[in-house]
Amino acid sequence: AVLIFTMWTRPLWDEIQNLRGEKNAAQAAVEHLYSLRQIRDSLLSDYNTISRDDLKRLNSFLPASAERGNLLIEFENIAKTHNVILRRVDIVVAEPAGAQSRQNAAGQAKAMGVAEETPFTLTVSASYDSFIAFLSDLEKSLRLIDVDEISFSAAEKGTYDFSLKAHTYWLK
């Protein structure tokens, strides 16, 4: 009778142990979800404390799309301020193959799959002082821009043709 009882209860006992293990795993998952919920609520609370002006500035710094038109308007406005003539603006739609990732915040964001880059080339005519002021305002603009190369050639007396190769970034 003991043998029959043992043979009949052993599988039930094993099933009870398996169910206890599953229950513990489910409880751990629920606790993990609860902690994630607290983190989410904390992040939402922090996000909601950011002013609308600051959010607008953040969106200008790293926009949600390439916004090539706004980029062109920004170049034009900066150029007008310093009597710089925009000769040509080439904004590349797709990133060229083999482009190296930069070792800065934007490059790290791109490496993590968060941001994309938009290469562009500006050709402008200006005096040296006007071009330096143009670059200074470009540097101070809210849009994140990495300048890769600057070249120049003499044009009319007192003016130069400057070519600027750079990249800007946007969120994926």
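Everything here concerns the structure above.
Presented here is an overview of the structure given in this document. Since the structure is predicted, the reported quantities are computational estimates derived from the model, not experimental observations.

Basis of the calculations
- Residues numbered from 1 in each chain as written.
- Predicted model: local features only at pLDDT ≥ 70, side-chain atom pairs only at ≥ 80, totals over all residues.
- Heavy atoms only, no water.
- Pairing = 2+ DSSP bridges.
- Helix = DSSP H or I, 4+ residues; strand = E, 2+ residues; numbered from the N terminus.
- Axes fitted to C-alpha atoms, helices over the stretch in contact; angles between N-to-C directions.
- Phe/Tyr/Trp six-rings, centres within 6.5 Å; stacked < 30°, edge-to-face > 60°.
- Buried < 20%, exposed > 50% of the residue type's maximum accessible area, 1.4 Å probe, protein only.
- Salt bridge = Lys/Arg side-chain N within 4 Å of Asp/Glu carboxyl O.
- Patch = residues over 30% accessible without salt bridge, like charges linked within 9 Å, V, L, I, M, F, W, Y side chains within 5 Å.
- Areas by Shrake-Rupley, 256 points an atom, 1.4 Å probe, with all protein chains shown as cover.
- Core = buried A, V, L, I, M, F, W, Y, C linked by side-chain atoms within 4.5 Å.
- Contact = heavy atoms within 4.5 Å.
- Expected span 1.5 Å × (residues − 1).
- Bend = angle between axes of the 7 residues up to and from the residue.
- Arc of directions from axis to C-beta.

Let's shift gears to the sheet that holds strand β3 (residues 145-154). What the four strands build is an open sheet, ordered β1-β2-β4-β3; its pairing is antiparallel. Each edge of the open sheet carries a strand with a single partner, namely β1 (85-91) and β3. This sheet shows a mean twist of 20 degrees between the axes of neighbouring strands, independent of strand direction. In this structure, strand β2 (residues 115-126) lies alongside strand β4 (residues 160-171), joined through 12 bridges in antiparallel fashion.

Here the focus is the packing of aromatic side chains. Per the stated rule, a full pass over the model turns up six aromatic pairs. Between F131 and F162, the aromatic rings sit 3.8 Å apart at their centres with planes inclined by 0 degrees, giving stacked as the arrangement. A residue pair is termed long-range when its members are at least 10 positions apart, and F131 in helix α5 (residues 128-140) and F162 in strand β4 qualify at 31 residues. In this structure, F131 and F162 share a single accessibility class: buried. Following the ring pairs from residue to residue traces out a cluster consisting of F131, F134, F152, Y160 and F162.

This structure, assessed with the given rule, holds three salt bridges. Here D90 and R88 are joined by a salt bridge, their closest N and O atoms 2.8 Å apart.

Let's shift gears to a nonpolar patch on the surface. On the surface, a cluster of nonpolar side chains totalling about 390 Å² of accessible area is made up of L33, L36, I39 and L43. Take L43: it is sitting in helix α1 (residues 2-48).

In this section: unusual backbone geometry. A positive phi angle, close to 55 degrees, is found at N83, a residue other than glycine. Secondary-structure assignment places N83 in the loop between α3 (68-81) and β1. On the basis of relative accessible area, N83 is assigned to the exposed category, the value being 67%.

Direction of pairing for β3 relative to β4: antiparallel, over a ladder of nine bridges. Bridging across to β4, E149 finds its partner in K165.

Grouped together as the largest cluster of nonpolar side chains are 17 residues, with contacts concentrated most on F75, F120, F131, F134, L138 and L164. Looking at this core, the elements that each hand over two or more residues are α3, β2, α5 and β4. The contacts of F120, once residues within four sequence positions are left out, are L71, F75, D90, I91, I145, L164, K165, A166, H167 and T168.

Turning our eyes to something else, we now look at α1. When the terminal C-alpha atoms of α1 are compared, their 67 Å separation across 47 residues agrees well with the 69 Å that a helix rising 1.5 Å per residue should span. For α1, the principal kink sits at T9 and spans about 30 degrees; a proline, P11, occurs within the next four residues.

Inspection of the secondary structure puts A66 in the loop between α2 (52-61) and α3. Taking the C-alpha atoms as reference points, A66 and E117, separated by 51 residues in sequence, lie 8.3 Å from one another. Residues contacting A66, with those up to four places away along its chain left out, are T118, R143 and W170.

Below, the discussion takes up α5. Its 13 residues give α5 an end-to-end C-alpha distance of 18 Å, which sits within 8% of 18 Å, the value for a rise of 1.5 Å per residue. For α5, the complete set of buried residues consists of S130, F131, F134, L135 and L138. End-on view of α5: buried residues confined to an arc of 140 degrees, all on one side of the axis. For α5, exposure combined with an orientation more than 90 degrees from the buried face picks out D129, E139 and K140. At its buried positions, α5 is contacted by α3, β2, β3 and β4.

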